[in-house]
Amino acid sequence: MATSSNLAAMLAARQAAATPTPSEGVQTPQEQIKIPASLASAVDIENVVPVHTVQVDAMVVSKILKHARDFSPAPVSGQLLGLDINSVLEISNSYPSLPFPPASAQTSEDDDKKSKAARAKYNATMLRLLRDVGGDDQVVGVYVSARLGAFLNESLFANVPLLVNMGKNRGFVVVHDTSSSDAGNANLRAFRLSPSFADAFRKANFSTSSLVDHSLTFSSILVPYPLTIHTSSLASAFLSTVSSPSPTAPTTAAPLTQTYTSLDLSLSSTLESSVSSVLASLDAYKDEQATVAFQQRQLARERARADHGVQRENAQRAAQGLKPLTEQEIVRQFRLPQEPSRLQSMLLLGQLDGETKRLGEQATAGLLKGFGSGLGPAQSV
């Protein structure tokens, strides 16, 4: 017994001697995670430095343009992947999202659950595959396509629940106007949901009083951010090689063809579609205002009926020597309909504002072209 106890004591002493103490050079978990000195000022682990600029990689821009062109004129959306470094959100990759069902479609609750589950499974699979190949898998926002400046559309607000819950220094939106790409120009803008709109969305309250309390209008839903496009040196070298002619290739003089496109004084071909979009938005806003007015009249009738019932009930309780109804009892006995939401009206106003601005730009360009040629506005059309 003494031998076994001595052996156990010797083993314990050796184990204690073999186990180094933290003072002998063993790093604690806090000491093991160290950031190089060159990146200490750039990497913001605790998200203390806010984002001031959005930088999009040229490959991401090409993916957005191709996705929007393939499904034009229907709006599309997708996920943006990247990382915020030194107050700059660097978007390095993207992938398209599954389409959302249109708001006008009548879908059951089971269909909505299946659609949400399919989108969640799809996003999880895409992020896992990107992680397997060593790509960025941090979702920092979404991209959406719009037409004729109407970017406050269903495609954008279908992603609002995702944007609201992304956290600090995330939840950005890159909007691409497909009507500009038809003319050979890439129109990209970066936005982020305003804190007041995010708070109202979390509370699910867009009544008139809530809009006043949050100072919400269609122009304060999104906060604009500067956007820059980053092109790698390899891509720039490749583009310069493709665009410049080869010195060894034989040059043949091509015959000159007569073109008169610069003398065309007609207005933009999209002017008619812009006017149609403005008129359609006006009709939709008129219908929405009529719906809100009907709901307000119904709410006023229900409130008057409830006030009459409360007065009658309190009179009966007073005759019986009871206390009047409390506010909780009134709410429980007289269930009033909720105040109508003004979110759709606000979105339609924002959409109408974007379309009218786009229409004004197109009409101004046509008028300047007509007056510059010495013709009147009636002749230029």
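Side note on the sheet that holds strand β2 (residues 77-85)
With respect to topology, eight strands assemble into an open sheet ordered β7-β6-β5-β4-β2-β3-β1-β8, the strand pairing being mixed. Sheet topology places β7 (222-225) and β8 (227-230) at the edges, where each strand pairs with a single neighbour. Shown here is a sheet whose adjacent strand axes are inclined to one another by a mean of 35°, direction ignored. As defined by bridge partners, strand β6 (residues 187-193) adjoins β7 across four bridges and the pair is classed as antiparallel. Bridging across to β7, L193 finds its partner in L222.

Focus: unusual backbone geometry
At N86, a residue that is not glycine, the phi angle is positive and equals roughly 55°. Given a relative accessible area of 49%, N86 falls into the partly exposed group. The phi dihedral of A204 falls on the positive side, at around 55°, and the residue is not glycine. With respect to the element layout, A204 can be found in the loop between α8 (195-203) and α9 (208-214).

Re the nonpolar core
Counting residues in hydrophobic clusters, the biggest one holds 31 residues, and the most contacted among them are F157, F197 and L222. Tallying contributions element by element places strand β4 (residues 139-146) first for this core, with four residues. If you look at the next biggest cluster of nonpolar residues, it comprises 15 residues, including V51, V56, I91 and V140.

Describing a nonpolar patch on the surface
On the surface, V275, L279 and L282 cluster together into a nonpolar patch covering about 240 Å² of accessible area. With respect to the element layout, L279 can be found in helix α11 (residues 271-319). Overall, L279 belongs to the partly exposed group, its relative accessible area being 48%.

Considering the packing of aromatic side chains
A complete count under the given rule lists four aromatic pairs for this structure. Here Y95 and Y122 contribute two aromatic rings whose centre-to-centre distance is 6.1 Å and whose plane-to-plane angle is 65°, an arrangement assigned as edge-to-face. Of the two residues, Y95 is situated in strand β3 (residues 88-96) and Y122 in helix α4 (residues 109-132); the sequence distance between them amounts to 27 residues. Take Y95: its relative accessible area is 4%, and that puts it in the buried class. Its relative accessible area of 22% is what places Y122 among the partly exposed residues. Ring centres of F197 and F206 lie 5.5 Å apart, and the angle between their planes is 40°; this geometry places the pair in the tilted category. Like F197, the residue F206 is buried in the burial classification. Of the aromatic side chains, those joined through ring pairs into one cluster are F197, F201 and F206.

Some points on α4
Structural remark: α-helix, 3.6 residues per turn; residues separated by three or four positions point the same way. Compared with an ideal rise of 1.5 Å per residue, which puts 24 residues at 34 Å, α4 spans 35 Å between its outermost C-alpha atoms and is within 8% of the ideal. Downstream of α4 by one or two residues, G134 has phi in the positive range, about 80°.

What counts and what doesn't
- Residues numbered from 1 in each chain as written.
- Predicted model: local features only at pLDDT ≥ 70, side-chain atom pairs only at ≥ 80, totals over all residues.
- Heavy atoms only, no water.
- Pairing = 2+ DSSP bridges.
- Helix = DSSP H or I, 4+ residues; strand = E, 2+ residues; numbered from the N terminus.
- Axes fitted to C-alpha atoms, helices over the stretch in contact; angles between N-to-C directions.
- Buried < 20%, exposed > 50% of the residue type's maximum accessible area, 1.4 Å probe, protein only.
- Core = buried A, V, L, I, M, F, W, Y, C linked by side-chain atoms within 4.5 Å.
- Patch = residues over 30% accessible without salt bridge, like charges linked within 9 Å, V, L, I, M, F, W, Y side chains within 5 Å.
- Areas by Shrake-Rupley, 256 points an atom, 1.4 Å probe, with all protein chains shown as cover.
- Salt bridge = Lys/Arg side-chain N within 4 Å of Asp/Glu carboxyl O.
- Phe/Tyr/Trp six-rings, centres within 6.5 Å; stacked < 30°, edge-to-face > 60°.
- Expected span 1.5 Å × (residues − 1).

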